[in-house]
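The lines below spell out each chain.
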Amino acid sequence: MPEPAQARISTREDVEAVVAALFEELHHALPPPTLELHSRLDADLGFDSLTRAELLERLKRELKIEIPEEALESLDTIGDLVRFSSAAPKNRETDAGEGHIAARERARSAVRAPSGEPTAATTLIDVLKWRVAKEPQAPHVIVLRDGNREVLTYAALVSGARSIASGLKLLGLSPGATVALMLPTSVDYLRTFFGVLLAGGVPVPLYPPAHRTQLEEHVHRHAKILANAGAEVLITFREVRPVVHLFKSRVPSLRHIVSVADLDLGGQSEPGPGTVSSDSIAFLQYTSGSTGAPKGVVLTHANLLANIRAIGTSIRATEQDVFVSWLPLYHDMGLIGAWLGSLYHGCLLVLMSPTAFLARPARWMRAVHDFRATFTASPNFGYELVARRPTEDELQGLDLSSVRLSFNGAERVHPETLERFHARFARYGFRPQMMTPVYGLAEVGVGLAFPPLGRGPLVDRIDREQLTSRGVAQPVSASAPNALSFVSCGTALPGYRLRIIDEHGAPAGERVEGDLQFAGPSATSGYYRNVEATRSLLSGDWRNSGDRAYFAAGELFITGRSKDIVIRRGRHIYPEEIEAAAGKLAGIREGCVAAFGTGDPETGSEKLVVVAETRETDPLRRRELETAITTRVTAAAGEPADEIVLAAPHAVLKTSSGKLRRAATRQAYLEGSLGHAVRNPRLQMLRLLLENMQLAARRRIDSVLRMAFGVYAGTVLLVIGTFVLAFTLLARSSVGIWRLNHRAARAFLRLVCMPVRVAGREHVNLRAPHILVVNHASYSDILFVTALVAVPHRFVAKAELERTPLLRRYLRRLRSLFVERSAPQQSVAEVGRLREALRTGDALVMFPEGTFTREIGLRGFHLGAFQAAVAERVPIIPLALAGTRSVLRDGQWLPRHVCVEATYGEPLLARADEEPFAAAIRLRDGARAFILHHCGEPDLTS
């Protein structure tokens, strides 16, 4: 077989020639390396992901071969290049002419008669069913992959989703359980997302491993996310299953790791009655870039639909629109803005993978041309990339005149990028008013502020000194030296509110910088199972965005992230200005500079550190770079950096979407791990396997210890409970019965070493008549309340408990009141019984949610307790319990050792001038808001 052998030799020589030429272009000051098949593109040659994309493009252009898009993520060595090149087909990219005409005809055929919008829909499932009923065979999504197009109709989407739902139910998926999706952009992703919803689960989008050299970081980060979400199932694809199986020992809740094919069994499952409602969590969006505990933004169906409708109203979306997107579906801008928004409004969505875009940015613009797109979107870096990378040959014949709006968001919008993009594409029909800078964040869904339609970008140039020293955005002329430029994000969407507050919490004035807060119908209730982060987010009815901004003529201008701004001697230094200035230096890798502050005990201020990636190794050249960076930083910030770190490539950490992870880079700097050499993927896998063995052993030990604690605690409870039950049934004094139960409950908690942290007790008087309202998450709630309250109270219990003779006798001896679950907010008779108890001087304990389930979250409150309190003029005292659900969760019979917190709120009392029903609602809402803020669980109501 001489010919194939000769072909392989020829391919290797050709590939090495292209690699050597690219290396010389990038590192002209370095000696050319000896190229071997095992030479690594990143560690040995310094090719990052964008350089690899350029390499693929050159192989395509110079060797006339087409390497699959997914190769970008799996190319590690020159041997990989040779293997892919040998197997790759000849270039079969459609040329201008027949291919583009056919694509345009397909896009035109997708335009159909208007059918309206699903305005009555309360869930995403309702939206999909409405579309299927109206136009089942209409194309919903066209997925572009390797030159092929796969069309997904509404009917095919719902049919595929039902099949996935059937597979999930066969696995025994619990209602409300979280299901992680680690899938590439594909039809399977769309079917699986809705399949999880139809099965009653909560999707958790995750991004697949970006590159084998980042294996450890990917596993460590995503294990934290999966554990925080409590995911029961992880749905992934064949190529990454060896990696994702490493999660099994790290995530106790993870029961199944499956592929789409494993679930796609052909069944047709529908959600059961009441399984999914507007108040149900639609999905969890985990924010990227943090080094601390993962933050999963809770978004209900009501939240998403409110945001999608507000955006649609603002941009006047119709079924005639076509949205072209390369945005990842695990990110809110791609998932909600592109896909779910298109589903609701009936737009045709054309999808390509982020990998395809990075490999050849011109594909994005070509797809806009082919399908006559009216909408498209990208973070700022995408516009920068497509403005710089494509050749004129790739753009020949391009027509972008169909675009109505090209959204620019998810990161700071740079005026220079807007200018470069327009200069490049104006000749192809792109008009300035098409570019639409927007502002949004995951905590509101996706969109929050949009500019007027057709206005185009508005750039505000302000005095740098005034902003950094006084926080005032003083406008200056375009020719003013050393000015700062910010791009307007417009005004709040319909139904939303924005405000900027100063350091005292007061509203900031016009052109005064401060902290941005927002409110609106899609504002999240908090972060999933993350009490501290939720507390930092909430500010009464407002939510903290974490961004700094100012208003000018009613429009919003974002100046930076609050946590990223460096404060030195009262001056605010904006990292992005420094990073952009240093990144333009020859020898510094553009986009790979991070500026951040660290505490400086000597000055009591912050020390400014600049980390810049470079491949330079010559000491003299490195000193020159440090001097040049100092000059640039001084010009941008008004003073030099305290420390400049010239680091190796990949030292500056980034998120999956390419954003700088300043906090993570700062942490690596403080830990001394900045710029450690990239480990061989095989060594990383070995290290992870060893970690897994340790974790598995630790889990076995923990399981034994948990079982031992559960048996011990159960035994103690049985012994104490038997004595208490006997005394309760035989004693005569109700006061003595309560005191014994109180002391026994406290003794039990001491014996099992489970103390309760109590806050706010000094604010309440538990001896006067009142109603103590408590959130209900577990059977253990009664035990904790009894341990906390020394003064006799009467529990208001559900009537079902009367059906158990022994329990009925015990609760009656405690003078409990029994009510029907659904009665307290409806029945005058039941409210009358509560009033009668209050008139006799009794204090009541009520769980206004009425019941509890395994699903985490605070349910709606029944109104009966609050009507009784208003009628009898007694206070409502809210008591928030945090942690009791984990002590004894629904369906669990052995207690677990968990820290429990109890927080009393200020007493709530009706005013004399209030109408009774309105007063009851005010007390209910006030008590629930307090408990929601302190119970550490998400809001299960809209």
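Reading guide: rules and limits
- Residues numbered from 1 in each chain as written.
- Predicted model: local features only at pLDDT ≥ 70, side-chain atom pairs only at ≥ 80, totals over all residues.
- Heavy atoms only, no water.
- Helix = DSSP H or I, 4+ residues; strand = E, 2+ residues; numbered from the N terminus.
- Buried < 20%, exposed > 50% of the residue type's maximum accessible area, 1.4 Å probe, protein only.
- Areas by Shrake-Rupley, 256 points an atom, 1.4 Å probe, with all protein chains shown as cover.
- Core = buried A, V, L, I, M, F, W, Y, C linked by side-chain atoms within 4.5 Å.
- Contact = heavy atoms within 4.5 Å.
- Pairing = 2+ DSSP bridges.
- Axes fitted to C-alpha atoms, helices over the stretch in contact; angles between N-to-C directions.
- Left-handed = near helix turned anticlockwise from the far one by under 90°.
- Nonpolar A, V, L, I, M, F, W, Y, C, P; charged D, E, K, R; others polar.
- Patch = residues over 30% accessible without salt bridge, like charges linked within 9 Å, V, L, I, M, F, W, Y side chains within 5 Å.
- Salt bridge = Lys/Arg side-chain N within 4 Å of Asp/Glu carboxyl O.
- Lys, Arg positive; Asp, Glu negative; His and termini not counted.
- Charge placed at Lys NZ, Arg CZ, Asp CG, Glu CD.
- Phe/Tyr/Trp six-rings, centres within 6.5 Å; stacked < 30°, edge-to-face > 60°.
- Lys NZ or Arg CZ within 6 Å of the ring centre and 35° of its normal.
- Parallel < 35°, antiparallel > 145°, perpendicular 65-115°, else oblique.

What about the overall build of the protein chain?
- The helix and strand inventory of the protein chain stands at 31 helices and 34 strands.
- A burial count over the protein chain gives 55% of its 942 residues as buried.
- By element, 55% of the accessible surface of the protein chain is carried by carbon and sulfur atoms, the whole surface being about 39300 Å².

A closer look at the nonpolar core
- In this structure, F194, I235, F247, W339, L340, F425 and L556 are the most contacted members of the largest nonpolar core, which totals 154 residues.
- Setting aside residues no more than four positions away along its own chain, F247 makes contact with M182, V219, H222, A223, L226, L234 and L254.
- Ranked by size, the runner-up nonpolar core spans 31 residues in total, among them I771, L834, I931 and L932.

Brief notes about the pairing of strand β1 (residues 139-145)
- Within β1, six of the seven residues are buried, which leaves it mostly tucked inside the rest of the structure.
- In this structure, the hairpin formed by β1 and strand β2 (residues 148-153) is closed by a connection of two residues, where D146 is found at a positive phi of approximately 50°.
- Taken together, the four bridges between β1 and strand β10 (residues 348-352) define a ladder with parallel strand orientation. The partner of V143 across the bridge, within β10, is L351.

Let's talk about the sheet that holds strand β13 (residues 435-437)
- With mixed pairing, seven strands are arranged side by side in an open sheet as β2-β1-β10-β9-β11-β12-β13. Only two strands of the sheet have a single neighbouring strand rather than two, namely β2 and β13. Between one strand axis and the next, the sheet turns by 20° as a mean value, whatever way the strands run.
- Bridge analysis of strand β11 (residues 375-378) against strand β12 (residues 405-408) gives four bridges, and the strand direction is parallel. Considered in β12, the bridge of F375 is made with L405.

Details of the packing of helix α6 (residues 124-134) against helix α8 (residues 187-198)
- Running from N to C, α6 and α8 cross one another at 120°; their axes reach a closest spacing of 10 Å. As α6 runs across α8, the sense of the crossing is left-handed. Contacts from L124, I125 and L128 of α6 reach α8 at F193, F194, L197 and L198.
- Taken together, the residues of the contact of α6 with α8 sort by class into seven nonpolar, no polar and no charged.

Describing a positive patch on the surface
- On the surface, a cluster of positive charge is made up of K248, R699, R706 and R896.
- When you line up the elements, R706 lands in helix α24 (residues 681-730).

With respect to a nonpolar patch on the surface
- A cluster of nonpolar side chains, contributed by L683, L686, L690 and M693, occupies part of the molecular surface with about 430 Å² of accessible area.
- Inspection of the secondary structure assignment puts M693 in helix α24.
- On the accessibility criterion, M693 (58% relative accessible area) is exposed.

Re the environment of T786
- On the secondary structure map, T786 appears in helix α26 (residues 780-788).
- On the accessibility criterion, T786 (8% relative accessible area) is buried.
- Along the backbone, T786 and R739 are 47 residues apart, and their C-alpha atoms lie at a distance of 9.2 Å.
- If we skip the residues at most four places from it in the chain, T786 touches W738, N741, H742, A745 and F795.

Brief notes about the packing of aromatic side chains
- In this structure the tally under the stated criterion is 23 aromatic pairs.
- When the ring of F407 is compared with that of F450, the centres are 5.9 Å apart and the planes differ by 65°; the resulting orientation is edge-to-face. Highlighted residues: F407 in strand β12 and F450 in strand β14 (residues 449-450), separated in sequence by 43 residues. Each member of the pair F407 and F450 is classed as buried.
- By the ring-pair criterion, three or more aromatic residues cluster together here, those being W326, F357, W364, F381, Y383, F421, F425, Y428 and F430.
- Its end group placed over the ring of W542, R497 keeps NZ or CZ at 4.6 Å from the ring centre.
- Above the plane of the ring of F861 lies R928, whose end atom (NZ or CZ) is 5.8 Å from the centre.

Quick word on the packing of helix α25 (residues 734-751) against α26
- Remark: α25 packs on α26, axes separated minimally by 7 Å, with the N-to-C direction vectors making an angle of 110°. In terms of axis orientation, α25 runs roughly perpendicular to α26. Contact residues: α25 offers W738, N741, H742, A745, R746, F748 and L749, while α26 offers L783, F784, T786, A787 and L788.
- Its residues assigned to classes, the contact of α25 with α26 shows eight nonpolar, three polar and one charged.

Thoughts on the sheet that holds strand β33 (residues 876-882)
- What the seven strands build is an open sheet, ordered β28-β34-β33-β29-β32-β30-β31; its pairing is mixed. In this open sheet, the two edge strands, each paired with only one partner strand, are β28 (756-759) and β31 (817-819). Across the sheet, the mean angle separating the axes of adjacent strands is 25° when strand polarity is ignored.
- Bridge count between strand β29 (residues 771-774) and β33: four bridges; the pairing is parallel. Residue pairing across strands places L772 opposite I877, the latter belonging to β33.
- The strands touched by α26 within the sheet are β28, β29, β30 (794-798), β32 (844-846), β33 and β34 (900-904), with β33 carrying the most contacts at an inclination of about 120°.
- In the packing of helix α31 (residues 916-935) onto the sheet, contacts are made with β29, β33 and β34, and the angle to β33 comes to roughly 25°.

Comments concerning the pattern of salt bridges
- Counted according to the given criterion, the structure contains 37 salt bridges.
- A salt bridge links R662 to E579; the nearest nitrogen and oxygen atoms lie 2.8 Å apart. Placement of the pair is R662 in helix α23 (residues 662-671) and E579 in helix α21 (residues 575-583), with a sequence separation of 83 residues.
- The partner of D842 in a salt bridge is R794, with the nearest N and O atoms 3.0 Å apart. A residue pair is termed long-range when its members are at least 10 positions apart, and D842 in the loop between α28 (828-839) and β32 and R794 in strand β30 qualify at 48 residues. In terms of burial, D842 and R794 fall into one category: buried.

Looking at unusual backbone geometry
- Backbone geometry at A553 places phi at a positive 55°, although glycine is not the residue there.
- One non-glycine residue, C753, lies in positive phi territory at about 55°.
- By the element assignment, C753 lies in the loop between α25 and β28.

With respect to the environment of L879
- Mapping L879 onto the fold places it in strand β33.
- Considered as a pair, L879 and E906 are 27 residues apart in the sequence and their alpha carbons are 9.5 Å apart.
- With near-sequence residues (within four places) excluded, L879 lies in contact with L772, V773, V774, N775, V785, L788, A902, T903, Y904 and I931.

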